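# Descriptive analysis of the structure
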Amino acid sequence: MYKQKRCVSVYSPITALRPDSLIRQTGGKKNVLLLSKTKTKPCPWRAEGYSLLYLDFEEVKTKPAELFLSESQMRKESDEKRYRAEMTALLTQRPQEVRVKPKHQNSDRNGARMSQTSIELQPQQSDHSEPRPEPESRLQPPPQLQLTEQPQHSHQLQQQNPLQPGEPQLLNTERQEKSAWVTPQRLFGLLLVLFIGIAILGLVYYLHHILHTGSGNIAANVTPCVSTACQWAAARLSMSTDPFAQPCDYFVSICGSEGLKSKGRQRSHGIPGHSQNPIERLAETDKQNKNEHRRLGEDTTLSRKTLLLQYLRGILETNQSSSSSAVQKTKDFYHSCLDTRSLEAAGAEPFLRLIQKLGGWAVSGQWNRTDFNYTLGLLMREYETFPFFNLYVGKDPNEAASNRTKRYIQIDQPDLLIPIEWNSNTQKSRAKTETLRPFLASCQSYLAFLGSPPSMRMLHVGTFISLSSELAVAASPLQYRLSKGQLYQRMTIRDLQSQAPAIDWLGCLEAAFHPLSLTEDDHVLLHNLPYIIQMSRIINKWLHKSEMSNSGTLHTFMVLNLLHTLMPAIDSRFSETARNFSLALGNIEEEVPRWKRCILETERGFDSVFAHLLSETTSRRETEEIVENVFFAFISKIMDLRWKDQNSFQRFIDKVYSSPPRLLSSKEISNEDDLDLLFSEVTVSSSGFFTNYLQLLSLWQKRRSKLLATQTEDADILSVAPSLVSNGLLFPMGMFVPPLFHPTYPKAMNYGAVGFLVAKDIFHLFLPEIYSHSPTMRAVGECVWTHYLKATEKAGQVRATILPTARQEEVWLQYSALQVALQAYHQSLSQNPADTSVSGLHHTQLFFRSFSQVSCDTDPDGESMPLDASFLIPVMCSQSGLCPTSPQCSLKTQQDKSQAC
């Protein structure tokens, strides 16, 4: 039997279950297997505590509401059936004699008043053997009940003589009198029964409302959360705008900001595309990170990445010492990075000592003429510097169809220091002419800081620019290489050596991936073979230039690339020069705070320690519950969509079921003992950041070698969005940090914030398949947009335009994600109805307030929304009974159900 991973609620629609797993054949008849939960045994994960019901499949499809009955309803119907059977059997028995005993009488000759009477009916043994006539259709009380009557009129007593055996009209006369006399007692009894019935119905409705809204309608009855985290969250919530109290005109501008500068976010024209090349993706990620860092000073617009970095900052800056030596080394590294005073005092001296260790250089007049390939291999192994080409590890997309997970060494063109541009006419790159003068000035400044004599600076800077320009000509942009089929070209190291002989490929690759052993028969993937071939020719030319034999141009080129690698660990003169050059190129960037740079640098070498710290401070049980509830609510939402054909739906749902959600398991996270052993050879000083940084580069090299050796997924610890991996949907722990999530927060707050983000990220991962096969999203997107135009038409600032496809997708996606998050919250309440609140807010209102806050303050994907995401709250509240109080911007769609989106 198919094992449901969630308890099946008796109120769930049949579409929420997987139809093909519930249909059973019984005697040639198609039936549906339902699970009816009992009260005695909870069932969090298995079908224990359930009774199995086989129901007709056609009946389920046509009358599903009549089949899903609660236990109290089924018990009530059973009692009524038993009562009818007893009454029918009783009335069909032999007739019984009833004798009337007058208690007392008070005659009134006028017959104008009647007092209460009491009739005592005592059954007597009848002498009649013939059966009685059929009873009336109206059910009569059982004869065992005794009633006494006190007649007041003498004529009544004369009519009511004691019944004698054998009188056939006696029982009929009694029935007529009992039907004629409606005493106050019976009227009171009927009213009492009616009142009890209404009370029971009211209680059932109230409990049903509690189950689906999480609270009663009285906000004062909620249980307050008094934890420190909740107090901080309440203070933060009080500073945000209440969307329930805003008129419709408020939603014309994003987050109510007229200028769209200091509050909330700005609209954009869509979600930027992602590069297919991993190196390009890395550069794009770095660029996005810089944009996120740019907004750090605005407390109301912190991105999810910034929130994670702030959370890690709080952990690293605590004064509490750790029992783990690895954790303590991580903190020491971070604090040494913050110690800018020591960096400024050391100046360029640490880097000059490193140059001497490499054999000196011709700029200072002291160079030992070290071997080119030896120096290149040393830079790649010890200092993560790749002057002439880039190296990284990745899969071959051509093997995706075979489900192979093997990783290869991949070789790409380098990130040249000199700015270059692509000439589409000549199909070649070249150095930007307008940037040569500022680039020359910055290089001369570097040499001056390193103590080079003025007479030597121009010579070495000139040869450096000349070599860089030659290499730039061989480089080409990604789109051009993709069109020419130059990406992921596979060849052996032996073949690569024959085509680019200037580089000792086997020796350099073994140095970069030490201690792994490589052979010439190992395959590598190249992303620009023409560049690699031309680079080899350029190196050979400069190696054999007799007039440049003493200048050491290639060696100087490698040292200046090393300088850029180590620039974060040298005094600020070098970084300021690099920043001024960037400004000269037209790049306007605000300075990234030092603490943020230091956390990013620390993660490069101590990523496993970061994973351990996040797992130690994140409540795993609560996070897994949120992810699982949202995932199953997402499946329920997908089931409700209209699909173009059954085959596409089945393929999609199979893909979803084959991608179960999960967090990093405890086996994937090192414990303190393993971490201490891993970093046992690392020595960290709290004041010498340059030395610490050199060890960081060595750790990064080990991390790359491990990735190639183990062939396992390399989880991004600083990621704040889920990803599809080989064994499911992986959610990073960095998503579940304050203020988005805290284990002591009310569940309504957690589901409104991080629950919505989880749902939105899942929709984004599966959006292409959904959009190509389901027409629902277009209709929903247009429906929400129509409501928005009608609600804001008085403001006169929104033009009635047709939404582009991308905007329709985003509107539907965020609207559906909000619905899924709310359904997941209700599912959580069905498992455990208890919940708290902050600021005395109703649970549903707190859910929507949290959503509004996160969509306005910390959700960068909302930039592609054509309207304020908080407007989705009035749209959802237009559904009857969903919100405890109607927003001021009321859409009033309750009267017209056809307008509900």
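Below, the structure is looked at part by part. (Residues numbered from 1 in each chain as written. Predicted model: local features only at pLDDT ≥ 70, side-chain atom pairs only at ≥ 80, totals over all residues. Heavy atoms only, no water.)

## Topic: the state of the cysteines
A covalent bond between the sulfur atoms of two cysteines is what we call a disulfide. Taken as a whole, this structure holds six disulfides when the rule is applied. Each sulfur in the disulfide pair Cys248 and Cys889 lies 2.0 Å from the other. What sets the handedness of the Cys248 and Cys889 disulfide is the S-S torsion sign, and at about 100° it is right-handed. One end of the pair, Cys248, is in the loop between α8 (228-238) and α9 (278-294); the other, Cys889, is in the segment after α33 (872-877), and 641 residues separate them in sequence. Look at Cys889 and you get buried, because its relative accessible area is 0%. Sulfur-sulfur distance for the disulfide between Cys877 and Cys883 comes to 1.9 Å. A torsion of -75° about the S-S bond marks the disulfide between Cys877 and Cys883 as left-handed. (Disulfide = S-S within 2.5 Å. Helix = DSSP H or I, 4+ residues; strand = E, 2+ residues; numbered from the N terminus. Buried < 20%, exposed > 50% of the residue type's maximum accessible area, 1.4 Å probe, protein only.)

## Thoughts on the sheet that holds strand β10 (residues 407-412)
Sheet architecture is open: four strands sit in the order β9-β10-β14-β13, paired in mixed fashion. Of all strands in the sheet, those bounded by a partner on one side alone are β9 (390-395) and β13 (489-492). Going across the sheet, the axis of each strand differs from the next one's by a mean of 35°, ignoring polarity. Pairing between β10 and strand β14 (residues 523-526): three bridges, direction parallel. Residue pairing in the sheet places Ile409 in a bridge with Val524 of β14. In the packing of helix α28 (residues 689-710) onto the sheet, contacts are made with β9 and β10, and the angle to β10 comes to roughly 130°. (Pairing = 2+ DSSP bridges. Axes fitted to C-alpha atoms, helices over the stretch in contact; angles between N-to-C directions. Contact = heavy atoms within 4.5 Å.)

## Examining the packing of aromatic side chains
Under the definition given, this model contains 31 aromatic pairs. Pairing Phe251 with Phe871 gives two aromatic rings, centres 5.7 Å apart and planes at 70°, and the pair type is edge-to-face. Remark: Phe871 occurs in the loop between α32 (843-857) and α33 and Phe251 occurs in the loop between α8 and α9; sequence separation between them is 620 residues. Phe871 gets classed as buried once you look at its relative accessible area, which sits at 0%. By the ring-pair criterion, three or more aromatic residues cluster together here, those being Phe631, Phe632, Phe634, Trp643, Phe649, Phe652, Phe763, Phe766 and Trp812. Lying over the aromatic face of Tyr408, Lys406 brings its terminal NZ or CZ to 5.2 Å of the ring centre. Between Arg704 and the ring centre of Phe513, over which it is positioned, the NZ or CZ distance is 5.4 Å. (Phe/Tyr/Trp six-rings, centres within 6.5 Å; stacked < 30°, edge-to-face > 60°. Lys NZ or Arg CZ within 6 Å of the ring centre and 35° of its normal.)

## Brief notes about the nonpolar core
Counting 110 residues, the largest nonpolar core has Phe388 and Phe389 as its most contacted members. Among the domains, domain 1 (373-550 + 557-570) and domain 2 (620-668 + 712-878) are the pair contributing at least three residues each to this core. Look past the residues within four positions of Phe389 in its chain and what remains in contact with it is Leu376, Met380, Ile411, Asp412, Gln413, Pro414, Ile503, Trp505, Ile532 and Met535. Counting 90 residues, the second largest nonpolar core, distinct from the first, contains Ala229, Ala748, Tyr771 and Val820. (Core = buried A, V, L, I, M, F, W, Y, C linked by side-chain atoms within 4.5 Å. Domains from an automatic or database assignment.)

Nothing here speaks to function; it is geometry throughout.
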